[in-house]
Amino acid sequence: MDPVVETIRDHARTVMSTGGSHGFDHVERVTALCERIGNAEGADMAIVIPAALLHDIARPLEKEQGIPHEKEGARMATEFLITIRYDTGAVNAIAAAIRSHRFTTAEEPKSLEAQVLSDADKLDALGAVGIARTFMRAGEHGTSMQDGIDHFYEKLLKLPDRMYTKAARQIALERHAFLSQFLGRLEDEMADRME
């Protein structure tokens, strides 16, 4: 692996928690998806990979202080990348990708690289991993299984229509089908219990 990328990975791993629905394992999956989508779409991987590795570095601050992690994460990433003398033009593009990656952010991802990150982050909320993360999130927030089900309808089932790239749309359709099948089965089993 590229030593600069390894330095960025080590920094992100140090700043973030290792577990939870938005832990470093999420970052590693998003990075792998970014590689897959970015290569398929012809994106600049010198922007995509650092953006993927650093996209959630402010999650711990958001949890503690309520600071929007996408904005603070862009600032923190910029500060860190400058200290390791990363290309200035790339740093600005990385920060823009981080600022616009979030599903609920008002800022739309403008560059291909930002769209790849946004798509990869959303894809990690779909399929089997998305199901596991949804119920992990419900547990982290001390809520119920019903809260997880509501999250499927409020966000996850809408994600395939929010993909920017062709490569991500193909992955999203497969994961969406699995999630829909699971949700139907879960609701049937829960209805049986209530009768």
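Here, every reference points to the structure presented above.
Residues numbered from 1 in each chain as written. Predicted model: local features only at pLDDT ≥ 70, side-chain atom pairs only at ≥ 80, totals over all residues. Heavy atoms only, no water.

1. Quick word on the environment of E187
The criterion, for reference: Numbering goes from the N terminus for both helices and strands, where a helix is a DSSP run of H or I of at least four residues and a strand is a run of E of at least two. Note on exposure labels: buried denotes an accessible area under 20% of the residue type's maximum, exposed denotes more than 50%, and partly exposed covers the range between, all computed with a 1.4 Å probe on protein chains only. Contacts are residue-level and defined by heavy atoms, with any inter-residue pair within 4.5 Å sufficient. What qualifies as a polar contact is a pair of N or O atoms within 3.5 Å, subject to a donor-acceptor requirement within protein and to the restriction that residues adjacent in sequence count only when both atoms come from side chains.
You can see E187 is positioned in helix α10 (residues 166-194). E187 gets classed as partly exposed once you look at its relative accessible area, which sits at 30%. When the C-alpha positions of E187 and Q146 are compared, they lie 9.8 Å apart, and in sequence the two are 41 residues distant. Beyond its immediate chain neighbours, meaning those up to four positions away, E187 contacts I149 and Y153. Of note is the side chain of E187, whose polar atom sits 2.9 Å from the side chain of Y153.

2. Here we look at the packing of aromatic side chains
We count it as follows: Each aromatic pair joins two rings of Phe, Tyr and Trp (for Trp, the six-membered one) with centres within 6.5 Å, and gets the label stacked for planes under 30 degrees apart, edge-to-face for over 60, and tilted for any other angle.
Under the definition given, this model contains three aromatic pairs. Geometrically, the ring pair formed by F135 and F152 is edge-to-face, given 5.8 Å between the ring centres and 70° between the ring planes. In this pair, F135 sits in helix α8 (residues 127-140) while F152 sits in helix α9 (residues 145-154), placing the two residues 17 residues apart along the sequence. You can call F135 partly exposed: its relative accessible area is 25%. Since its relative accessible area comes to 0%, F152 is described here as buried.

3. Describing the packing of helix α1 (residues 3-15) against helix α5 (residues 69-83)
The following threshold applies: Orientation is described by axes fitted as lines to C-alpha atoms, over the contacting stretch for helices, and by angles from 0 to 180 degrees between their N-to-C directions. Put simply, angles under 35 degrees are roughly parallel, angles over 145 are roughly antiparallel, angles from 65 to 115 are roughly perpendicular, and the rest are oblique. Crossings are sorted by hand: turned counterclockwise from the far helix by less than a right angle, the near helix makes the crossing left-handed, and turned clockwise it makes it right-handed. Three categories are distinguished: nonpolar for Ala, Val, Leu, Ile, Met, Phe, Trp, Tyr, Cys and Pro, charged for Asp, Glu, Lys and Arg, and polar for the others, with Gly belonging to the last.
Across the interface, α1 lies against α5 with an axial gap of 12 Å and an inter-helix angle of 135°. In terms of orientation, α1 and α5 fall into the oblique class. Helix-helix and strand crossings are classified by hand; for α1 and α5 the assignment is right-handed. Facing T7, I8, H11 and V15 of α1, the residues of α5 in contact are M76, F80 and L81. Looking at the contact of α1 with α5 residue by residue, the classes come out as five nonpolar, two polar and no charged.

4. Looking at the nonpolar core
In summary, soluble globular proteins display a tendency toward joint burial of nonpolar side chains. Spelled out, the test is: What makes a nonpolar core is a set of buried Ala, Val, Leu, Ile, Met, Phe, Trp, Tyr and Cys residues whose side-chain atoms join them at distances within 4.5 Å.
Grouped together as the largest cluster of nonpolar side chains are 54 residues, with contacts concentrated most on I37, L54 and L123. Broken down by secondary-structure element, the contributors of at least two residues to this core are α1, α2 (24-41), α3 (45-54), α5, α6 (88-99), α7 (112-123), α9 and α10. Per-element tally for this core: the top contributor is α10, with eight residues. Every residue in contact with L54, bar those within four places of it in the chain, is listed here: I8, H11, A12, A77, F80, L81 and I98.

5. What to know about the side chain of S118
Residue position: S118 is located in helix α7. The residues contacting S118, other than those within four sequence positions of it, are S100, H101, P109 and Y164.

Such coordinate-based values are descriptive only and should not be taken to indicate function.
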